[in-house]
Amino acid sequence: MSVHPPPQGRLRVSIDSRLDQVFMVGYAVRGICTQLGMDRIVAFRLELAVVEAVNNAIKHAYDGQAGRDVEVIVTVDGDEVVFEICDEGKPLDLSCRPRLDYDPRCKQNLPEGGMGLHIISRVMDEITYCRREGRNCLTLRHRRRPPPDP
Amino acid sequence: MRVEEEKHGLVMVVRPMERRLDAAAAAVFKTKLVELIQRGERYIVLDLAAVDFIDSTGLGAIVSSLKALGGTGEIAICNPRETVMSLFRLTRMNRVFRILPSVEEAIAGMPGS
């Protein structure tokens, strides 16, 4: 019986800054995670987090303007999967990240938006942001965990 | 975003027929729900059986529709897949909406059913 080395690989994709193109990134992320043997829910959460980051790049960095590039780089290195979401739009302000703090009983104060960064922070093990020469890059890291003992 | 509608007494069952309720689909979906509410529908069951992926914009469309009810009536969720439930739990929206495993149970929990 052969022992396979831990997977290592890198995928770089780019989409036009249109919300109706984000699904392609989602499919790529879910496909990679599924092929890596991740649990279905984990794969969904990672797809969700990356989609949220791409949505933010389109809506906020580019103010919803089409015709710009959003680049997503997926790096698999053993037990870690790293997603980099890059754009050349306005800077991201992580300092004002709102907490998703609301009273579920108070219907009129429920959040209708602004949930993306909260979701990303719940799903990912590490989030870093850098801006260099007009290019934003949000890096999301996820460390794969072994499945629980049956 | 293709949506099916089915009336059961006072309850309108709304069934999105696309697999992804994401930012691309959310605006149209919200418009359809708000139109129903403006037509006078007050008890809505969202049957999410066909939805495999939802993001915060899709969820926001559902929340906006709930707020459009203005405190009268209800939106309940039924048949969510595990993936969809995962988003509701991540955002604690599972504490806002009644979430049932079937259309029948969702309708049964509505007033006047």
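Residues numbered from 1 in each chain as written. Chains lettered and ligands numbered in written order. Predicted model: local features only at pLDDT ≥ 70, side-chain atom pairs only at ≥ 80, totals over all residues. Heavy atoms only, no water.

Student: Could you give me a rundown of the interface of chain A and chain B, with the residues and numbers involved?
Tutor: Across the boundary between the two partners, chain A contributes 32 residues, which contact 30 residues of chain B. Of the roughly 2,700 Å² buried where chain A meets chain B, counting both sides, 57% is carbon and sulfur surface. The largest share of the area that chain A buries against chain B comes from Phe 44, Tyr 102 and Glu 112 of chain A, three residues that together contribute 22% of it. Linking chain A with chain B are four salt bridges. A salt bridge links Arg 40 of chain A to Glu 82 of chain B; its shortest N-O distance comes to 2.2 Å. The interface formed by chain A and chain B includes 16 residue pairs in polar contact (both at pLDDT 80 or more). Per-element tally for the side of chain A that touches chain B: the top contributor is helix α2 (residues 40-61) of chain A, with ten residues. Residue composition of the side of chain A that touches chain B, by class: 15 nonpolar, six polar and eleven charged. (Contact = heavy atoms within 4.5 Å. Buried area = accessible area lost by both parts, 1.4 Å probe. Salt bridge = Lys/Arg side-chain N within 4 Å of Asp/Glu carboxyl O. Polar contact = N/O pair within 3.5 Å; in protein donor to acceptor, adjacent residues only side chain to side chain. Helix = DSSP H or I, 4+ residues; strand = E, 2+ residues; numbered from the N terminus. Nonpolar A, V, L, I, M, F, W, Y, C, P; charged D, E, K, R; others polar.)

Student: Explain the environment of Thr 72 of chain B to me, using residue names and the numbers behind them.
Tutor: All names here are of chain B. Along the chain, Thr 72 falls in the loop between α2 (56-68) and β6 (74-78). For Thr 72, a relative accessible area of 44% gives the class partly exposed. Among the polar contacts made by the side chain of Thr 72, one reaches the side chain of Arg 42 at a distance of 3.3 Å. A polar side-chain atom of Thr 72 sits 3.1 Å from the main-chain carbonyl oxygen of Leu 69. (Buried < 20%, exposed > 50% of the residue type's maximum accessible area, 1.4 Å probe, protein only.)

Student: Let's hear about helix α1 (residues 23-38) of chain B: which residues, and what values?
Tutor: Residues and elements named next belong to chain B. In this model α1 runs 23 Å from its N-terminal to its C-terminal C-alpha over 16 residues, within 8% of the 22 Å that 1.5 Å per residue would give. Turning to α1, its buried residues are Ala 23, Ala 25, Ala 26, Phe 29, Leu 33, Val 34, Leu 36 and Ile 37. Looking straight down α1, one finds that the buried residues subtend no more than 160° of arc, so they occupy a single side. In α1, the exposed positions that point more than 90 degrees away from the buried face belong to Ala 27 and Gln 38. (Expected span 1.5 Å × (residues − 1). Arc of directions from axis to C-beta.)

Student: Describe the nonpolar core, naming the residues involved and giving the relevant values.
Tutor: With 67 residues, the main nonpolar core has Val 54 and Phe 83 of chain A together with Leu 46 and Phe 97 of chain B as its most contacted residues. A per-element tally of this core places α2 of chain A first, with eleven residues. Once you skip the residues sitting within four places of it in the chain, Val 54 of chain A turns out to touch Ile 15, Val 22, Val 25, Val 70, Val 72 and Ile 85 of chain A. Judged by nonpolar contacts, the second largest core, of ten residues, contains Val 13, Val 45, Ala 106 and Met 110 of chain B. (Core = buried A, V, L, I, M, F, W, Y, C linked by side-chain atoms within 4.5 Å.)

Student: Go over the sheet that holds strand β2 (residues 69-77) of chain A with me, naming the residues and quoting the values.
Tutor: All names here are of chain A. Pairing in this open sheet of five strands is antiparallel, and the strands run β1-β2-β3-β5-β4 from one edge to the other. Since the sheet does not close on itself, it has two edges, and those belong to β1 (8-16) and β4 (126-132), each with one partner. This sheet shows a mean twist of 15° between the axes of neighbouring strands, independent of strand direction. As judged from the seven bridges shared by β4 and strand β5 (residues 135-143), these two strands associate in the antiparallel manner. (Pairing = 2+ DSSP bridges. Axes fitted to C-alpha atoms, helices over the stretch in contact; angles between N-to-C directions.)

Student: Tell me about the pattern of salt bridges, and name the residues and values.
Tutor: For the coordinates displayed, the defined rule picks out 23 salt bridges over all chains. A salt bridge links Glu 112 of chain A to Lys 67 of chain B, with the nearest nitrogen and oxygen atoms 2.9 Å apart. In this pair, Glu 112 of chain A is assigned in the loop between β3 (80-87) and α3 (116-123) and Lys 67 of chain B in helix α2, connecting two distinct chains. One network of salt bridges, in which partners are shared, links Arg 30 and Glu 47 of chain A together with Arg 19, Arg 20, Asp 22, Asp 52 and Arg 81 of chain B.

Student: Any chance you could break down α3 of chain A for me, citing the residues and the numbers?
Tutor: Where burial is concerned, most of α3 of chain A is hidden: six out of the eight residues are buried. Every buried residue belonging to α3 of chain A is among Gly 116, Leu 117, His 118, Ile 119, Ile 120 and Val 123 of chain A, and all of these are buried.

Student: Tell me about the sheet that holds strand β1 (residues 3-8) of chain B, residues and numbers included.
Tutor: Across the sheet, five strands lie side by side as β1-β2-β4-β6-β7 (chain B); this open sheet has mixed pairing. With one partner strand each, in any of the chains shown, β1 and β7 (99-100) of chain B form the two edges of the open sheet.

Student: Any chance you could break down unusual backbone geometry for me, citing the residues and the numbers?
Tutor: Residue and element names in this part refer to chain B. Despite not being glycine, Asn 79 has its phi angle at roughly 55°, a positive value. With respect to the helices, strands and loops of the structure, Asn 79 is situated in the loop between β6 and α3 (82-90). The phi dihedral of Arg 92 falls on the positive side, at around 65°, and the residue is not glycine. With respect to the element layout, Arg 92 can be found in the loop between α3 and β7.

Student: Could you give an account of the packing of α2 of chain A against α3 of chain B, with specific residues and numbers?
Tutor: Between α2 of chain A and α3 of chain B, whose axes approach to 9 Å, the crossing angle comes to 60°. Taken together, α2 of chain A and α3 of chain B sit at an angle that is classed as oblique. Handedness of the α2 of chain A/α3 of chain B crossing: right-handed. Listed contacts from α3 of chain B to Arg 40, Ile 41, Phe 44, Arg 45 and Leu 48 of chain A of α2 of chain A are Glu 82, Thr 83, Ser 86, Leu 87 and Leu 90 of chain B. (Parallel < 35°, antiparallel > 145°, perpendicular 65-115°, else oblique. Left-handed = near helix turned anticlockwise from the far one by under 90°.)

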